Amino acid sequence: MFFFFFDELNNIQAIHQAFKNICLDKMLADGYFDMSIYIFGRIKKEDIRGRLTAAKSKYRVLYESAYPTQDTAYAIWNEKMSTYLHDDETDTIELTQDESSAIVNWVYRTLKDSKEREDFTKC
């Protein structure tokens, strides 16, 4: 089962690129990718926010409040990233590994529990 909410999010260039960086590129390079850190929510919000803030990443705003739900993720992304939307209109988005991980984690946190996250990963 593919989660319909991800269709909207995947159309956002930065989110699409983050998943490519975390999943596809790792799969092609190493032959596997381990998503358990996202499935089981093992990344601390404060750690991500700290790394993004130190790097002066625009994606730090995603971690300044509560995680969104599936129903609100698209609107919250657009609200928080509206200042930077012009940057996302290009064909190529350059993301650091920390930014990619933060974006993937943010999307995974829209899912309510590890079972839902695991099902999402299988799709």
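Structure shown above.
Here goes a summary of the coordinates provided. Sequence order as written defines the numbering, with residues in each chain counted from 1. In keeping with the model being predicted, local features are shown solely for residues with a pLDDT of at least 70 and side-chain atom pairs are shown and tallied solely at 80 or more, while totals for entire chains, interfaces and linings include all residues. No hydrogens and no water enter the side-chain calculation; it runs on all heavy atoms of the structure.

Points about the overall build of the protein
Counting its secondary structure elements, the protein contains seven helices and zero strands. If you list the helices and strands of the protein from N to C, you get α-α-α-α-α-α-α. For the protein, the C-alpha atoms occupy an extent of roughly 35 × 30 × 25 Å along the three principal directions. When contacts within the protein are restricted to residue pairs at least 6 apart in sequence, long-range pairs at least 24 apart make up 70% of them. The Shrake-Rupley method, run with a 1.4 Å probe, gives the accessible areas here. Residue values count only the displayed protein chains as cover. As displayed, the protein has an accessible area near 7,100 Å², and 51% of this comes from carbon and sulfur atoms. Taking the average location of the 16 positive side-chain charges in the protein and that of its 21 negative ones, the two points are 7 Å from each other. Counting from the N terminus, the helices are DSSP H or I runs at least four residues long and the strands are E runs at least two residues long. Any two residues having at least one pair of non-hydrogen atoms within 4.5 Å are treated as being in contact. Asp and Glu are treated as the negative residues and Lys and Arg as the positive ones, with His and the ends of the chain left uncounted. The atoms used to mark charge sites are NZ of Lys, CZ of Arg, CG of Asp and CD of Glu.

Remarks on helix H6 (residues 97-108)
Since the α-helix turns once every 3.6 residues, residues separated by three or four places project in the same direction. To estimate the expected span of a helix, subtract one from its residue number and multiply by 1.5 Å. For H6, which comprises twelve residues, the first-to-last C-alpha distance of 16 Å matches the rise-based estimate of 16 Å (1.5 Å per residue) to within 8%. Buried, partly exposed and exposed residues are distinguished by accessible area as a fraction of the type maximum, computed with a 1.4 Å probe on protein chains only: under 20%, between the cut-offs, and over 50%, respectively. In terms of burial, H6 is largely enclosed, as ten of its twelve residues are buried.

Looking at the pattern of salt bridges
Between Lys or Arg on one side and Asp or Glu on the other, a salt bridge is scored when a side-chain nitrogen of the former is within 4 Å of a carboxyl oxygen of the latter. Applying the stated criterion to the full structure yields two salt bridges. Across the pair Arg51 and Asp98 runs a salt bridge, and its minimum N-O distance is 3.4 Å. In this pair, Arg51 is assigned in helix H4 (residues 45-54) and Asp98 in helix H6, connecting sequence segments 47 residues apart. Overall, Asp98 belongs to the partly exposed group, its relative accessible area being 36%.

Comments concerning unusual backbone geometry
Within the chain, Lys56 stands out as a residue other than glycine whose phi angle is a positive 55°. Counting through the fold element by element, Lys56 comes out in the loop between H4 and helix H5 (73-81).

Some remarks on the layout of surface pockets
Grid spacing is 1 Å over the protein atoms alone, the probe is 1.4 Å, and a cavity is where that probe fits but cannot get out, while a pocket is an open set with protein on both sides within 12 Å along at least five of seven lines and lining residues have an atom within 4 Å of a point. Grid points are joined across faces, edges and corners, and a volume is the space filled by probe spheres set on the points. In this structure, the largest pocket occupies an estimated 240 Å³ of space. Residue lining of the largest pocket: 14 residues in total, with Phe6, Phe19, Cys23, Phe120 and Cys123 positioned closest to the centre. Among the secondary structure elements, those contributing two or more residues to the lining of the largest pocket are helix H1 (4-10), helix H2 (13-30) and helix H7 (114-122). It is H2 that provides the largest number of residues to the lining of the largest pocket, a total of five residues. Broken down by class, the residue content of the lining of the largest pocket amounts to ten nonpolar, three polar and one charged. The nonpolar class holds Ala, Val, Leu, Ile, Met, Phe, Trp, Tyr, Cys and Pro. Asp, Glu, Lys and Arg form the charged class, and all remaining residues, Gly among them, are polar.

Here we look at the packing of H4 against H6
Only the stretch in contact is used when a helix axis is fitted, and all axes are lines through C-alpha atoms; the angle between N-to-C directions ranges over 0 to 180 degrees. Between H4 and H6, the least distance of the axes is 10 Å, while the angle of their chain directions is 140°. Between H4 and H6, the angle is such that the two are oblique. The way H4 lies across H6 gives a crossing that is left-handed. For the pair H4 and H6, the contacting residues are Ile48, Arg51 and Leu52 in the first and Asp98, Glu99, Ala102 and Asn105 in the second. Note that the term roughly parallel is reserved for angles under 35 degrees, roughly antiparallel for angles over 145, roughly perpendicular for angles of 65 to 115, and oblique for everything else. Crossing chirality is assigned from the near helix's rotation relative to the far helix, an anticlockwise turn below a right angle marking it left-handed and a clockwise turn marking it right-handed.

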